[in-house]
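Here is what each chain is made of, one letter per residue.
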Amino acid sequence: MEINTIFIGQSLIHLKEVDSTNIAAQNILSESQPPEGTVITTSYQVSGRGQIGNSWYSSKEKNIMCSTILYPKWLLAKEQFHLNIAISCAVRSLVQKLIPTANVRIKWPNDIYIDDKKTAGILIQNTLSGSGISSSIVGIGINVNETEFPSELPNPTSILLSSSVVRDLDNVYAELYAEIERYYLKLRHDQIYTIKEEYVQHLYGKDRPLNFILTDGRIVTGIIQDVIDSGKLAILINGEEKLFAFRELRFQHSV
Ligand code: BTN
């Protein structure tokens, strides 16, 4: 499939094997300033990185693993969560397009779930300069044709496992670039409120009570209400709305 974008994926670097595409992007950025939208893809990561020091599993040649270089200089450092919102919506929209009948949700802050299983993860690394953002590395991993996962991953799934259809990775990449561009341009054109509404509408746990583990080990039951500008999650617990930052709570039964 043709890459039908203005800038995302117009400059492509494919590495057969790499430690992590995010690290490769960091190295490239430390030596040069590639065009905005440059994407580094790989067929295999030796040490794929996940959120909070986790690793990211993917066997060879089965899945999407890429890092996109962006320069959202028009975004303030204090608004950096807006980029998470836009990219989460882009990946969610892609997965929904691939499986129109699936219940595709965003598990705060930016995991993509099909029902109760994780199918994609996002790792965004921003370089701040003063009150602005000078560059962003948007790492995306989507389990596409994976059929087996290590047993220590509690709830993984893939597009194949959820739809019984093997996908052509090049086609999925091309659609991903188009979705990233669509949402990134919306963000750039001040449509954060529209995107945020879409993000909140599709939040995992918005429609039913879930259990959360707090930093002191307590387990509380609550219903997700909203995400505020800083990226904090608002949860209704015992009739009272409480705010939590990323490290202040975990979902029970999740990666
Ligand atoms: C997570 O859910 O923990 C985030 C996973 C992000 C994985 C992708 S795969 C491509 C890019 N390179 C990495 O090392 N990580 C991201």
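Quick caveat: nothing in here was measured; it's all calculated off a predicted structure.

Peer 1: What is the right way to read the overall build of the protein from this model?
Peer 2: Within the protein, the secondary structure is distributed over five helices and twelve strands. Relative to the compact-globule value of 18 Å for 255 residues, the protein shows a C-alpha radius of gyration of 18 Å, a close match. Each principal axis of the C-alpha distribution contributes one length, and for the protein these read about 50 × 45 × 30 Å. Expressed as a percentage of its 255 residues, the buried residues of the protein come to 54%. Residue pairs at least 24 apart in sequence account for 66% of intrachain contacts in the protein once pairs closer than 6 positions are excluded. Carbon together with sulfur atoms contributes 48% to the accessible area of the protein, which is approximately 12000 Å² in total. Across the protein, the mean location of the 24 positive side-chain charges is 4 Å away from that of the 28 negative side-chain charges.

Peer 1: Looking at this structure, I do not really get helix H5 (residues 192-201). What am I missing?
Peer 2: Every α-helical turn comprises 3.6 residues, leaving residues that sit three or four positions apart pointing alike. Burial in H5 covers these residues: Ile192, Ile195, Lys196, Glu198, Tyr199 and Val200. As for H5, its buried residues are in contact with helix H2 (81-98), strand E4 (104-107), helix H4 (169-188) and strand E9 (219-227).

Peer 1: So what exactly am I meant to see when it comes to the pattern of salt bridges here?
Peer 2: Oppositely charged side chains may form a pair once their charged atoms are brought near each other. Enumeration according to the criterion identifies eight salt bridges in this entry. For Lys196, the salt bridge identified is with Asp226, shortest N-O distance 3.5 Å. Here the residue Lys196 occupies a position in helix H5, and Asp226 occupies one in strand E9, the gap between them amounting to 30 residues. Accessibility expressed as a relative area gives 16% for Lys196, which makes it buried. Its relative accessible area of 27% is what places Asp226 among the partly exposed residues. Residues Arg218 and Asp216 are paired through a salt bridge, measuring 3.1 Å at the closest nitrogen-oxygen approach. Of the residues examined, Asp216 reaches a relative accessible area of 52% and is grouped as exposed. Each member of the salt-bridge network shares a partner with another, and the members are Lys97, Glu179 and Arg182.

Scoring rules and cut-offs
Residues numbered from 1 in each chain as written. Predicted model: local features only at pLDDT ≥ 70, side-chain atom pairs only at ≥ 80, totals over all residues. Heavy atoms only, no water. Helix = DSSP H or I, 4+ residues; strand = E, 2+ residues; numbered from the N terminus. Rg over C-alpha atoms; globule rule 2.2 N^0.38 Å. Buried < 20%, exposed > 50% of the residue type's maximum accessible area, 1.4 Å probe, protein only. Contact = heavy atoms within 4.5 Å. Areas by Shrake-Rupley, 256 points an atom, 1.4 Å probe, with all protein chains shown as cover. Lys, Arg positive; Asp, Glu negative; His and termini not counted. Charge placed at Lys NZ, Arg CZ, Asp CG, Glu CD. Salt bridge = Lys/Arg side-chain N within 4 Å of Asp/Glu carboxyl O.

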